[in-house]
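Here is what each chain is made of, one letter per residue.
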Amino acid sequence: MKLLHTSDWHLGQSFFTKSRKAEHQAFLNWLLQQVAAYKVDAVVVAGDIFDTGTPPSYAREMYNRFIVAISQLNCTLVVLGGNHDSVSTLNESKQLVARLNTHVVANVAANEGASDNADDQQSDNQIIELKNSAGETGAILCAIPFIRPRDVIQSRAGESGLEKRQALGEAIKQHYHQLYQAALTLRDEKQLEVPIVATGHLTALGVSQSDSVRDIYIGTLDGFAADGFPPADYIALGHIHRPQMVAKSEHIRYSGSPIPLSFDELKTTKQVVLVSFNAAETEAITPLEVPLFQAMAVIKGDLSSIEARLKTFETLPSGQSAWLSIEVETQDYLADLPQRIQALTEGLPVEVLQLRRSRNTARQTLNQIERETLAELTPEDVFAKRLELESFEGDAEQARLGRIRQQFRQIVSEVENPEQNPEANS
């Protein structure tokens, strides 16, 4: 049995106003190639299929086309809802895609009317027998999506914040163990020698996050302890965009997002995880590196080093351009910094999506200001030093900067020449 673990696609994401459509399509094409090359029996997407609850139409079409394509490879697809996903959006095509060997588990709440026992019903919906190439059960999946607090606990009057966190953590733990026990029962009843796999879309304690990850369980649960997971043979997690193991356990993993969703994610290689089982034993856990489909880079330094680094992009293939985040380190206040960067990039196949001053520079400037007294500074000096700590990127921000300066000059003029402003004397 071969299972491929991926998560956090965020189809439909807009990155500094840039569409990720081409990157996502390239990734999905690449993923289909891996499924065919490695003869993968099942693909598990551990949440955040879409970036928002109302994804653009092209993102939905991309999702539907992928389901059709992977079904033609005789591969089971399991889609788990994440905190970015809308339950209703995922469920609207659930019965239709089920005909294409795709299981959608949007949330943990039981559907009304299917069973008198809510616990049994949740088990029925979330316990999935994954078939291998021979059409036999190759693994049992505890398909657990993002767990919303309202789905597993009820608020009680007078509870403290600590008590709410403890109650939610315990409820999530119970949900995992309930499904794991249901999987064990099924395996024993059918006398199967197969692994049990669990999923999840949450923050496990001790993981390394990136700028693009939005906190979940805000105000109620800071993170889920790894010892709360049941002893499944493999646990496929989503929500954290950096691929990593949890609690130094090989079998508990975040696959990470397949494309960089923020510039700081360029520090780690993107991957999906291929898990091979032999009967009930885990044979191998192999990360597969995902190519970078859009050239991206972070450039830091003074203007001269930035200029030298920019020249390296002259060799990009024709028709391609790189998305850049530029962080300038300079002790001087440069009112025309955006214009200088624009001049340096003129004619190069690059687009500057983020421009900012170094935090160290800002900190040094603040320290310098602390050592100075107001008696040593003119109002214009104070104003200039304050503006130096801000970043005005793009035409709109530059226009706003112009208005701020104009308003400042007007205020200074009114203070210095009160006779010209009767309202100021009244």
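Described in the following lines is the structure provided in the data block. (Residues numbered from 1 in each chain as written. Predicted model: local features only at pLDDT ≥ 70, side-chain atom pairs only at ≥ 80, totals over all residues. Heavy atoms only, no water.)

### Concerning the overall build of the protein
The helix and strand tally for the protein stands at 13 helices and 17 strands. For the protein, the proportion of its 426 residues judged to be buried stands at 47%. Considering only contacts in the protein between residues 6 or more positions apart, those separated by 24 or more positions represent 71%. Split by element, the accessible area of the protein, about 21,600 Å² in all, is 46% carbon and sulfur. (Helix = DSSP H or I, 4+ residues; strand = E, 2+ residues; numbered from the N terminus. Buried < 20%, exposed > 50% of the residue type's maximum accessible area, 1.4 Å probe, protein only. Contact = heavy atoms within 4.5 Å. Areas by Shrake-Rupley, 256 points an atom, 1.4 Å probe, with all protein chains shown as cover.)

### Observations regarding the packing of aromatic side chains
Going through the model one piece at a time under the given rule, you end up with 11 aromatic pairs. A ring pair is formed by Trp-9 and Phe-27, whose centres lie 5.9 Å apart and whose planes are at 75 degrees; its orientation type is edge-to-face. Taken together, the residues Trp-9 in the loop between strand 1 (2-6) and strand 2 (14-15) and Phe-27 in helix 1 (residues 21-37) connect sequence positions 18 residues apart. A residue is classified by how much of its surface remains accessible, and Phe-27, at 0% relative accessible area, is buried. Arranged with centres 5.3 Å apart and planes meeting at 65 degrees, the rings of Phe-50 and Tyr-63 form a pair that is edge-to-face. Note that Phe-50 is positioned in the loop between strand 4 (42-46) and helix 2 (57-71) and Tyr-63 in helix 2, a separation of 13 residues in sequence. A relative accessible area of 3% means that Phe-50 is categorised as buried. Site record: aromatic cluster; members linked through ring pairs are Trp-9, Phe-27, Trp-30 and Phe-66. (Phe/Tyr/Trp six-rings, centres within 6.5 Å; stacked < 30°, edge-to-face > 60°.)

### Focus on helix 8 (residues 303-310)
For helix 8, every residue scored as buried is listed here: Leu-303, Ile-306 and Leu-310. When helix 8 is viewed along its axis, its buried side chains cluster within an angular range of 60 degrees and face the same direction. (Arc of directions from axis to C-beta.)

### What about helix 9 (residues 337-345)?
Regarding helix 9, the residues found buried are Leu-337, Pro-338, Ile-341 and Thr-345. Axial view of helix 9: buried residues confined to an arc of 100 degrees, hence all on one face. Looking one or two residues beyond helix 9, the residue adopting positive phi is Gly-347, at roughly 85 degrees.

### Quick notes on the sheet that holds strand 4
Hydrogen bonds along the backbone pair up the strands of a sheet, which may run parallel or antiparallel. With mixed pairing, the six strands of this open sheet are ordered in space as 6-5-4-1-13-14. Each edge of the open sheet carries a strand with a single partner, namely strand 6 (102-105) and strand 14 (281-289). Each strand axis lies, on average, 15 degrees off the axis of its neighbour in the sheet, ignoring direction. Strand direction decides the pairing type here: strand 4 and strand 5 (residues 76-80), joined by five bridges, are parallel. Across the sheet, the residue bridging to Ala-42 is Thr-76, located in strand 5. (Pairing = 2+ DSSP bridges. Axes fitted to C-alpha atoms, helices over the stretch in contact; angles between N-to-C directions.)

### Digging into the nonpolar core
Of all hydrophobic cores here, the largest spans 32 residues; its most connected members are Trp-9, Val-43, Ile-49 and Tyr-63. Among the elements of the structure, helix 1, strand 4, helix 2, strand 5 and strand 13 (271-278) are those that each provide at least two residues to this core. It is helix 2 that contributes the most residues to this core, seven residues altogether. In contact with Ile-49, other than residues within four places in its own chain, are Trp-9, His-10, Leu-11, Tyr-63, Val-79, Leu-80, Asp-85 and Leu-90. (Core = buried A, V, L, I, M, F, W, Y, C linked by side-chain atoms within 4.5 Å.)

### Observations regarding the pattern of salt bridges
On inspection of all chains with the given rule, the structure shows 11 salt bridges. Between Glu-351 and Lys-18 there is a salt bridge, and its shortest N-O distance comes to 2.4 Å. Placement of the pair is Glu-351 in strand 17 (residues 350-357) and Lys-18 in strand 3 (residues 18-19), with a sequence separation of 333 residues. The partly exposed category is assigned to Lys-18, whose relative accessible area is 23%. The shortest N-O distance in the salt bridge between Arg-356 and Glu-327 comes to 3.5 Å. Placement of the pair is Arg-356 in strand 17 and Glu-327 in strand 16 (residues 322-328), with a sequence separation of 29 residues. A single network of salt bridges, built from pairs that share partners, joins Glu-129, Lys-131 and Lys-190. (Salt bridge = Lys/Arg side-chain N within 4 Å of Asp/Glu carboxyl O.)

### Looking at the packing of helix 8 against helix 9
At a minimum axis distance of 10 Å, the contact between helix 8 and helix 9 shows a crossing angle of 30 degrees. Judged by the angle between their axes, helix 8 and helix 9 are roughly parallel. You can see that helix 8 and helix 9 cross each other, and the crossing is right-handed. Residue-level contacts link Leu-303, Glu-307 and Leu-310 of helix 8 to Leu-337, Arg-340, Ile-341, Leu-344 and Thr-345 of helix 9. Here the contact of helix 8 with helix 9 is composed, by residue class, of five nonpolar, one polar and two charged. (Parallel < 35°, antiparallel > 145°, perpendicular 65-115°, else oblique. Left-handed = near helix turned anticlockwise from the far one by under 90°. Nonpolar A, V, L, I, M, F, W, Y, C, P; charged D, E, K, R; others polar.)

### What about the pairing of strand 8 (residues 137-142)?
Among the six residues in strand 8, six count as buried, and that is most of the element. The sheet contact formed by strand 7 (residues 127-131) and strand 8 spans five bridges and is antiparallel. Its bridge partner lying in strand 8, Leu-130 is registered against Ala-139. In textbook terms, the turn of a hairpin is the stretch between consecutive antiparallel strands, and for strand 7 and strand 8 this stretch comprises five residues, one of which, Gly-135, has a positive phi near 80 degrees. Across three bridges, the pairing between strand 8 and strand 9 (residues 196-201) is parallel. Note on strand 9: the bridge partner recorded for Ile-140 is Ile-196.

### Points about the side chain of Gln-34
By the secondary structure assignment, Gln-34 is in helix 1. The class of Gln-34 is buried, set by a relative accessible area of 12%. Sequence-distant contacts of Gln-34, defined by excluding residues within four places in its chain, comprise Leu-4, Lys-39, Val-40 and Leu-288.

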